[in-house]
Amino acid sequence: MRPFGYLTPGDPAGAIAAVTGRPGATFLAGGTNLVDLMKLGVAAPDLLVDVAGLLPDRIEPTAAGGLRIGAGVRNSDLAADPRVRAGYPALARAVLTGASGQLRNMATVGGNLLQRTRCLYFQDVTKPCNKRDPGSGCPARTGDHRNLAILGGSPHCVATHPSDMAVALAVLDAVVHVEGAAGPRMMPLGGLYRLPGDRPDRETTLERGDLITAVEIPPLAYAGNSAYRKVRDRTSYAFAVVSVAAALDVADGVVRDARLALGAVAPVPWRARAAERVLAGRPATAEWFGRAADAELAMASPLPDNTFKLTLVRNVVVQMLGELAGTERAGS
Amino acid sequence: MMAGVTTPDDTSSELTLVVNGTAHRLRLDHRTTLLDALREHLGLTGTKKGCDHGQCGACTVLIGGPAGGVASPRRVNSCLLLAVMAREAEITTIEGLAAPDGELHPLQAAFVEHDALQCGYCTPGQICSATAMLGEAAAGWPSAASASVTGPVVLDAAEIRERMSGNLCRCGAYVNILAAITDVARAAP
């Protein structure tokens, strides 16, 4: 590992200035992904600016009736929060299915959003990778791509975003608060991420020195009727092969509104808007849930060893939406 | 800013690690993980290095949480925590779990009673992890195995297995590890 400096600025402005002014500098929060990537040689910063002690670490109600989650909140605290558990079960479930008890105690909400793909080629510095070493090539398309993207990829990269939490946040229309050299701004979660195109090394719209300070969840009347399901190769402590977050508002057997997002199938947390458009106003039946999944998957470009994800996504979507449609909820 | 760090170009810091109640003043290269600091600089070799990538849990130690926080102290992977990140924290390792008079921690005694190990390499991490896990359950934290994320926590076998999934045992002593933890969980108030 390359030697590096370590700073603990007293406030976000100091941290932002420290990273903005130094190309080799990077923010450090929980470190669960960054320190690992440094050991692997994938990341080699010459300065770590530790923001764990200065990021907001509370979950607070917003005036609008949603929640504002400080970027420094640890994953375990997010999943344990009574308001999250009762009001946003998809989010609590998503966080709980990620990593292990130890890692959830360390990992932060901001860091979770910015964690890097677990594509084997990205993590192996002896292999080409357009994301890690732009222009070096991508062995995945003809190599090991079973776990890689079927949606949103490009000839240059089919890596998947690994976060569970971000899939639930996508369904909840989360807004990301960012501070940077030019001041604070906010963006929808979908605006944080970029599809790979011909620049898979550029994963987000953040500029050097931009610091995620909070994630806000707007109010959603039917967020209590939400769920997250993760399909993986072993029951626990594994990344998703496919995951689905969904929230459903059903009345008299008809879908009034639906939110759907897919994980481990795309380079970004994939909000399934084509599926949502199919669902709105339609009967809450397995047939229509399947048609909705088909509408989304019509855009897919699977590779030989991950074509199975098409069937898997469809099956999980139909099953989950069916369960959510059948949920009796007081007041809904 | 902490003492010992003066410029972004310094690649080491002078820092204090409080381990099992004793403060240690050290100058450490920033690359030093808490795991390596414990083992190589403080001679506390009870904490084990397995994968060194946060995947096996052999390096699990306990870190004192914020005052008043629930489920404190917290279990962490010391291989992914830079020692400089753990400065001033209250760290407990397997060497600090037994009482001063040598009486074993209930989980240590249960692991002996149930023969919950073969080679023993994962055992310190298993026991540290289980210690904190019982605190998390007592605080009402749900897990991925919980039927409801809002319901009460019942530490049955599926719950304990899920909550302990960050600790691997290559010998496969899981059945007896489960029995040992179950015993202590049932004895808890």
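On a predicted model such as this, the values are computed, not experimentally measured, just so you know.

1. Re the overall build of chain A
When its secondary structure is counted, chain A shows 13 helices and 12 strands. Its C-alpha atoms give chain A a radius of gyration of 20 Å, within 12% of the compact-globule value 20 Å for 332 residues. Taken over the C-alpha atoms alone, chain A extends approximately 60 × 50 × 35 Å along its principal axes. Burial status across chain A gives 56% buried among its 332 residues. Considering only residue pairs separated by 6 or more positions, chain A has 64% of its internal contacts joining residues 24 or more positions apart.

2. Side note on the overall build of chain B
When helices and strands are counted, chain B shows 5 helices and 5 strands. Secondary structure elements of chain B occur, N-terminal to C-terminal, as β-β-α-β-β-β-α-α-α-α. A compact globule built from 189 residues would reach a C-alpha radius of gyration of about 16 Å, and chain B, at 17 Å, matches this within 12%. Over its C-alpha atoms, taken along the principal directions, chain B stretches across nearly 50 × 35 × 35 Å. Going through the 189 residues of chain B one by one, you find that 47% of them count as buried. Across chain B, every contact between residues at least 6 apart in sequence was considered, and the portion connecting residues at least 24 apart equals 59%.

3. Regarding the nonpolar core
Considering soluble globular proteins, one finds that nonpolar side chains tend to be buried as a cluster. By size, the foremost hydrophobic cluster in this structure holds 171 residues, and its most contacted members are Val49(A), Ala168(A), Ala245(A) and Ala246(A). Dropping the residues within four chain positions of it, Ala246(A) is found in contact with Val171(A), Ser226(A), Ala227(A), Arg259(A), Leu260(A), Met320(A), Leu321(A) and Leu324(A).

4. Things to note about the interface of chain A and chain B
Taken together, the contact pairs 33 residues of chain A with 38 residues of chain B. Elements with a contribution of two residues or more to the side of chain A that touches chain B: strand E1 (5-7), helix H2 (34-40), strand E3 (47-50), helix H3 (75-80), helix H4 (82-87), helix H5 (89-96) and helix H6 (101-106) of chain A. Ranked by residues supplied to the side of chain A that touches chain B, first place goes to H6(A) with 5 residues.

5. Section: unusual backbone geometry
Most peptide bonds take the trans configuration, and most residues that are not glycine carry a negative phi. Phi at Tyr237(A) takes a positive value of approximately 55 degrees, unusual for a residue other than glycine. Mapped onto the elements, Tyr237(A) comes out in the loop between strand E9 (226-231) and strand E10 (242-251). Exposure remark for Tyr237(A): the 21 C-beta atoms within 10 Å place this residue in the buried category. Positive phi is not limited to glycine here, since Glu88(B) has a value of about 70 degrees. As for its placement among the helices and strands, Glu88(B) is situated in the loop between strand E4 (74-77) and strand E5 (90-92). Given 11 C-beta atoms within 10 Å, Glu88(B) falls into the exposed group.

6. Quick word on the environment of Glu162(B)
Its location among the elements puts Glu162(B) in helix H4 (residues 157-163). Placed 101 residues apart in sequence, Glu162(B) and Val61(B) show a C-alpha to C-alpha distance of 19 Å. Filtering out sequence-adjacent residues up to four positions away, Glu162(B) remains in contact with Ser236(A), Ser143(B), Ala144(B) and Ala145(B).

7. Points about the domain arrangement of chain A
Taken as a whole, chain A is organised into domain 1 (5-52) and domain 2 (226-325). If you average the C-alpha positions of domain 1 of chain A and of domain 2 of chain A, the two centres end up 36 Å apart.

8. A look at the packing of helix H2 (residues 106-113) of chain B against helix H5 (residues 174-187) of chain B
Residue and element names in this part refer to chain B. At a closest axis distance of 8 Å, the pairing of H2 and H5 adopts a crossing angle of 135 degrees. Viewed along their axes, H2 and H5 adopt a mutual orientation that is oblique. Two packed elements cross with a definite hand, and for H2 against H5 that hand is right-handed. Packed against H2, whose contacting residues are Pro-106, Leu-107, Ala-110, Phe-111 and Glu-113, the element H5 presents Ala-180, Asp-183, Val-184 and Ala-187 at the interface. Along the lines of polarity and charge, the residues of the contact of H2 with H5 split into 7 nonpolar, no polar and 2 charged.

9. Structural notes on the domain arrangement of chain B
Residues and elements named next belong to chain B. Here the domain parsing of chain B yields domain 1 (12-96) and domain 2 (106-187). The C-alpha-based centres of domain 1 and domain 2 are spaced at 21 Å. With 16 residues of domain 1 at the contact, the number on the domain 2 side is 16 residues. Secondary structure elements with two or more residues in the side of domain 1 that touches domain 2: strand E3 (60-63) and E4. It is E3 that contributes the most residues to the side of domain 1 that touches domain 2, 3 residues altogether. Counted by class, the side of domain 1 that touches domain 2 contains 9 nonpolar, 4 polar and 3 charged residues.

Criteria and thresholds
Residues numbered from 1 in each chain as written. Chains lettered and ligands numbered in written order. Predicted model: local features only at pLDDT ≥ 70, side-chain atom pairs only at ≥ 80, totals over all residues. Helix = DSSP H or I, 4+ residues; strand = E, 2+ residues; numbered from the N terminus. Rg over C-alpha atoms; globule rule 2.2 N^0.38 Å. Buried ≥ 20, exposed ≤ 12 C-beta atoms within 10 Å, placed from the backbone. Contact = placed C-beta atoms within 7 Å. Core = buried A, V, L, I, M, F, W, Y, C linked by C-beta atoms within 7 Å. Domains from an automatic or database assignment. Axes fitted to C-alpha atoms, helices over the stretch in contact; angles between N-to-C directions. Parallel < 35°, antiparallel > 145°, perpendicular 65-115°, else oblique. Left-handed = near helix turned anticlockwise from the far one by under 90°. Nonpolar A, V, L, I, M, F, W, Y, C, P; charged D, E, K, R; others polar.

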